[in-house]
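Below, each chain spelled out in residue letters.
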Amino acid sequence: MNLRSLVEAEYLKQADGFSASAEFRALESGRAGASDYDLFISGVCRSHLKSPHILAFLFALAPPAEAEKLKQNMLEELGLDGEGVSHPSLLVELMLAAGFDEEKRARIWSEAEEELRSIITAPILFGTLTELGLSVLLETVAFEWVLSRLAARMAHFLRDHRHLPQAGLAWFHHHAEVDLRHAEEGLEAVELYASFYEMDARDAETILELTFRQNVFIRRYFGVKGIQGTEPGAEQKVIGLRGV
Amino acid sequence: MKIKSCTIFALRIPFVETFAHHTKRRRFSDSIIVRVRTSDGATGYGEGLARDYVTGETVESSVRHIREVLWPAVAEHEYAELEPRPDPLQALAQVDESLPFMSGGGVIAFNAARAAVEIALVDALLRSQNISLSKILKPRRAHVTYSGVISSGSLETAARRARQLRLFGLRDVKVKISERRDVERLRAVREVMGEGARLRVDANGAFNAKAAIDIASELSPLRIEVFEQPTARREDLSELREVKNGSAIPVMADESLVTIDDARRLVDEKACDYFNLRVSKCGGLAPCLRLARLAEEAGLRFQLGSQVGETAVLSAAGRHLAAHLSEPAFIEGSYGKLLLAEDVSREPFHFGHGGRASIPRAAGLGIRVRVEILEKHAHARIHLGDDEKSHA
């Protein structure tokens, strides 16, 4: 399989894993509680409020043939293109529509900043920026690819079960429409990136595996609790400790 | 200074991927974190990981031991400031002497429990004085270089994991083995890692002496540096010694080395070439310093190992020790979020490219523990001292 096929297969696996997760199904079926919808909204906002920064990083690493497209993406994200709507401002609209008060909104902003800080301060495992850049690009394109397929469903369950108005759901509508194009361009960008930097095919495949060791959507939108498996006997251990 | 309160957090942090070896498959960390508070308000954290197949401890028995034995010993003690000394064992003596080493009820040693409390006390006292553990355990090197590990599994999984470790720039890799056909996995790992990599194997006691010698013979062409715990821990060290004498690969004692008495017997009976010291397994920083000293005096080399699933708390203690010890042959640990879905420190604490990691310089262990993460993953909390009163 070539890199593009491997990447697409992984993205499909990520999308399927996310939409088949217990958390997603509960939200979509309306079985989830109000607080679960709010946790999901918080996860989405925390994950994407700082997207322009990530795009700026990718712009800096982009092969010349891709730089213009990435610049356009970044300007669009910042609302500096023709449309003039920044994506972070759409997320703020989402939080307002969900009734998040100022303190809660500030906390989510702060968590998004902390996440970025954590990425920046973490020791880098890869030996070069080329490898790190591919990993970041793969995850960024994964969001465009998966959102282009699932954002409309997310908007529907937030409308139907969390009763959010259409205006508050603009971020999802935008990604459902625009990212169909971005997702296809993204796959090309991954191929071009690996080719321009003459990356070893095996290394690129390994970076793909490392980037998606977990379902990044479950991790980012639902948090660690979402990826927590149930260990047989775990409950007995808890009960055992209560008697200590 | 008195220690006014103690809280024990029994955690269950999910792993990013399953980790397996001969005796266990793990999908989550079952770490025990101890938090203590001094009379002047300083807080310290320590960590231990109970392993029934190593020290005989379980999470339940470790927690009970802390509550019923270690905490009463700590609560009545008056601690002075920790003063940097040329000999770190002297600097740590008052903490070390306040914590008994105990066994019983099928437990070889309550060392994980002891390590958790020892590290928490050291962290709290140093934070109270606003000095780093690196002032006590003076680093001999600017950074620590960790090795990677490949858990049990298929040949394909081993090769894939090896490619990841190679991409991370790791040159030291340990491979878990448990059967004859694992030789093929080692061949695959050697092919991926290249001739420059240093490979070790760890059987976690999977073989009898003859099988261990046979597999060592097959592994020899692959230039394996060390054969860790080829046979099971037994009172009688003859099997381990037989492997040491019959194998071209040097033998490392891990499960066979829990207490200082174990170490003396291993030396007296010439049953191994290397010690594997682990802070949790051996009961804390001070016991590890003693064991390293004993190894050096006996002309043995040692590895500073780690616990699968340790959080940044135990990793930080291990890193200070690794930076201080004269010549650890191999260093393990600091996987952080490479293995844990979430770590407990604000500072990302895993190693970087090439396995390199810097030495923390902030007060105490040098990390900031996020209490909300402890709370999120705790499946049990036990409050003692003033904490018990405030939670009553």
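Residues numbered from 1 in each chain as written. Chains lettered and ligands numbered in written order. Predicted model: local features only at pLDDT ≥ 70, side-chain atom pairs only at ≥ 80, totals over all residues. Heavy atoms only, no water.

**Side note on the overall build of chain A**
As a reminder, the rule being used: Numbering of helices and strands runs from the N terminus, with a helix taken as a DSSP run of H or I at least four residues long and a strand as a DSSP run of E at least two residues long. Only protein chains enter the accessibility calculation, which uses a 1.4 Å probe. A residue is then buried if its area is under 20% of the maximum for its type, exposed if over 50%, and partly exposed in between. In what follows, residue pairs with any heavy atoms lying within 4.5 Å of each other are defined as contacts. Neither His nor the chain ends is counted toward charge; the positive residues are Lys and Arg and the negative residues Asp and Glu. Here the site of a charge means atom NZ of a Lys, CZ of an Arg, CG of an Asp or CD of a Glu.
Of regular secondary structure, chain A possesses 13 helices and 0 strands. From first element to last, N terminus to C terminus, chain A shows the α and β order α-α-α-α-α-α-α-α-α-α-α-α-α. Along the three orthogonal principal directions, the C-alpha set of chain A runs to about 60 × 45 × 35 Å. Every one of the 244 residues in chain A was classed for burial, and the buried ones make up 50%. Sequence separation of 24 or more characterises 79% of the internal contacts of chain A that already satisfy a separation of 6 or more. Treating the 24 positive side-chain charges of chain A as one cloud and the 38 negative ones as another, the clouds have centres 7 Å apart.

**A few points about the pairing of strand β13 (residues 301–304) of chain B**
Residues and elements named next belong to chain B. For the record, the criterion: Should DSSP find at least two bridges between two strands, the strands are regarded as paired.
In the sheet, strand β12 (residues 274–277) pairs with β13 via 4 bridges, with the strands oriented parallel. Residue pairing across strands places asparagine 276 opposite glutamine 303, the latter belonging to β13. Two elements, β13 and strand β14 (residues 330–331), share 2 bridges in a ladder whose sense is parallel. Among the inter-strand pairings, glutamine 303 is bridged to a residue of β14, identified as phenylalanine 330.

**Side note on unusual backbone geometry**
The bulk of non-glycine residues show a negative phi, and the bulk of peptide bonds are trans. Residues and elements named next belong to chain B. Of note, the phi angle at glutamine 229 is positive, near 35°, even though the residue is not glycine. Inspection of the secondary structure puts glutamine 229 in the loop between β10 (224–228) and α8 (238–246). Judged by its relative accessible area of 0%, glutamine 229 falls in the buried class. With a phi close to 45°, lysine 270 is a non-glycine residue in the positive phi region. By the secondary structure assignment, lysine 270 is in the loop between α9 (260–268) and β12. For lysine 270, a relative accessible area of 58% puts it in the exposed group.

**Re the environment of Ala142(B)**
Topologically, Ala142(B) is positioned in the loop between α4 (111–129) and β6 (143–145). Taking the C-alpha atoms as reference points, Ala142(B) and Ser62(B), 80 residues apart in sequence, are found 35 Å from one another.

**Quick word on the sheet that holds strand β16 (residues 378–385) of chain B**
All names here are of chain B. For the record, the criterion: Whenever a helix is involved, its axis is fitted only over the stretch in contact; in every case the axis is a line through C-alpha atoms, and angles between N-to-C directions fall within 0 to 180 degrees.
With antiparallel pairing, the 4 strands of this open sheet are ordered in space as β5-β4-β1-β16. In the strand order of this sheet, the two ends are held by β5 (43–48) and β16, each with one partner. Averaged over all pairs of adjacent strands, the angle between strand axes in this sheet comes to 20°, irrespective of strand direction. Sheet topology places strand β1 (residues 3–11) next to strand β4 (residues 32–38); 7 bridges connect them, and they run antiparallel. The residue of β4 that forms the bridge with threonine 7 is arginine 35.

**Some thoughts on the confidence of the model for chain A**
Should the pLDDT be low somewhere, the predicted coordinates at that spot are not to be read in detail. Residues and elements named next belong to chain A. The line we're drawing: What pLDDT expresses is the predictor's confidence in each residue, scored from 0 to 100.
Confidence in the prediction for chain A averages 88 pLDDT; 90% of positions are at 70 or higher. Put simply, helix α13 (residues 234–242) is where chain A has its lowest mean pLDDT, 37, and helix α2 (residues 22–29) is where it has its highest, 97. Long-range and interchain partners of residues 229–244, a stretch whose pLDDT sits below 50, account for 23 contacts in this model, where long-range means more than four residues apart.

**Thoughts on the nonpolar core**
Most often, soluble globular proteins keep nonpolar side chains buried together rather than apart. Spelled out, the test is: Nine residue types can take part in a nonpolar core, namely buried Ala, Val, Leu, Ile, Met, Phe, Trp, Tyr and Cys, and a core is a set of them joined through side-chain atoms within 4.5 Å.
Grouped together as the largest cluster of nonpolar side chains are 198 residues, with contacts concentrated most on Phe40(A), Phe172(A) and Phe275(B). The element contributing the most residues to this core is helix α8 (residues 129–161) of chain A, with 15 residues. Of all hydrophobic cores here, the second largest spans 5 residues; its members include Val226(B), Met252(B), Tyr274(B) and Ala329(B).

**Looking at helix α11 (residues 285–298) of chain B**
All names here are of chain B. The following threshold applies: One fewer than the residue count of a helix, multiplied by 1.5 Å, yields its expected span.
Between its first and last C-alpha, α11 extends 20 Å over 14 residues, near the 20 Å set by a 1.5 Å rise per residue. Those residues of α11 that sit buried are Leu285, Ala286, Pro287, Cys288, Leu289, Leu291, Ala292, Leu294 and Ala295. With its phi angle positive at about 75°, glycine 299 sits one or two positions after the end of α11.

**Let's talk about the pairing of strand β3 (residues 24–29) of chain B**
Residue and element names in this part refer to chain B. Two elements, strand β2 (residues 13–21) and β3, share 5 bridges in a ladder whose sense is antiparallel. Each bridged residue has a counterpart across the sheet, and for proline 14 the counterpart in β3 is phenylalanine 28. Between β2 and β3, which follow one another and run antiparallel, lie 2 residues.

**Details of the side chain of Gln229(B)**
What counts, and what does not: As used in this structure description, the phrase polar contact means that two N or O atoms lie within 3.5 Å; if the pair is within protein, one of them must be able to donate a hydrogen and the other to accept it, and residues adjacent in sequence are counted only when both atoms belong to side chains.
For Gln229(B), the side chain forms a polar contact with the main-chain oxygen of Thr231(B), separated by 2.7 Å. Non-local contacts of Gln229(B), meaning those with residues more than four positions away in its chain, are made with Asp202(B), Ala203(B), Asn204(B), Gly205(B), Ala206(B), Met252(B), Ala253(B), Asp254(B), Glu255(B) and Ser256(B).

**Regarding the packing of helix α10 (residues 201–211) of chain A against helix α5 (residues 155–167) of chain B**
For the record, the criterion: For this classification, under 35 degrees means roughly parallel, over 145 means roughly antiparallel, 65 to 115 means roughly perpendicular, and everything else is oblique.
Relative orientation of the contacting elements α10(A) and α5(B) amounts to 100°, with a least axis distance of 10 Å. In terms of axis orientation, α10(A) runs roughly perpendicular to α5(B). Of α5(B), the residues touching α10(A) (which contributes Arg202(A), Asp203(A), Thr206(A), Ile207(A), Glu209(A) and Leu210(A)) are Arg160(B), Arg163(B), Gln164(B), Arg166(B) and Leu167(B).

**Regarding the sheet that holds strand β9 (residues 198–202) of chain B**
Residue and element names in this part refer to chain B. Across the sheet, 8 strands lie side by side as β7-β8-β9-β10-β11-β12-β13-β14; this open sheet has parallel pairing. Every interior strand has two partners, whereas the edge strands, β7 (148–150) and β14, have only one. Seen against the sheet, α11 touches β12 and β13 and runs at an angle of roughly 175° to β12.

**Thoughts on the packing of helix α4 (residues 51–61) of chain A against α8(A)**
Residues and elements named next belong to chain A. Put simply, the rule reads: Each crossing gets its handedness from the near helix: less than a right angle anticlockwise from the far helix is left-handed, clockwise is right-handed. Think of it as three bins: nonpolar holds Ala, Val, Leu, Ile, Met, Phe, Trp, Tyr, Cys and Pro, charged holds Asp, Glu, Lys and Arg, and polar takes everything else, Gly as well.
It is the contact of α4 with α8, at a shortest axis distance of 10 Å, that shows an interaxial angle of 135°. Comparing the axis directions of α4 and α8 gives the class oblique. Between α4 and α8 lies a crossing whose hand is left-handed. Judged by residue contacts, Ile54, Leu55, Phe57, Leu58 and Leu61 of α4 engage Leu129, Leu132, Gly133, Val136, Leu137 and Thr140 from α8. By residue class, the composition of the contact of α4 with α8 is 9 nonpolar, 2 polar and no charged.

**A look at helix α3 (residues 34–48) of chain A**
An ideal rise of 1.5 Å per residue puts 21 Å on 15 residues; α3(A) measures up with 22 Å between its terminal C-alpha atoms. Looking only at α3(A), the buried set comprises Tyr37(A), Asp38(A), Phe40(A), Ile41(A), Ser42(A), Gly43(A), Val44(A), Cys45(A), Ser47(A) and His48(A).

**What about the pattern of salt bridges?**
Under the convention used in this document: Note on definitions: salt bridges are taken to be side-chain nitrogens of Lys or Arg within 4 Å of carboxyl oxygens of Asp or Glu.
A complete count under the given rule lists 48 salt bridges over all chains for this structure. One salt bridge connects Arg162(A) with Asp38(A), and the closest N-O pair in it is separated by 2.6 Å. Here the residue Arg162(A) occupies a position in the loop between α8 and α9 (170–196), and Asp38(A) occupies one in helix α3, the gap between them amounting to 124 residues. Residue classification places Arg162(A) among the buried positions, given a relative accessible area of 18%. For Asp38(A), a relative accessible area of 16% translates into the label buried. Where Glu184(B) meets Arg187(B), a salt bridge forms, and the shortest distance between an N and an O atom there is 2.3 Å. With Glu184(B) and Arg187(B) both in helix α6 (residues 182–193) and 3 residues apart, the pair spans about one turn of that helix.

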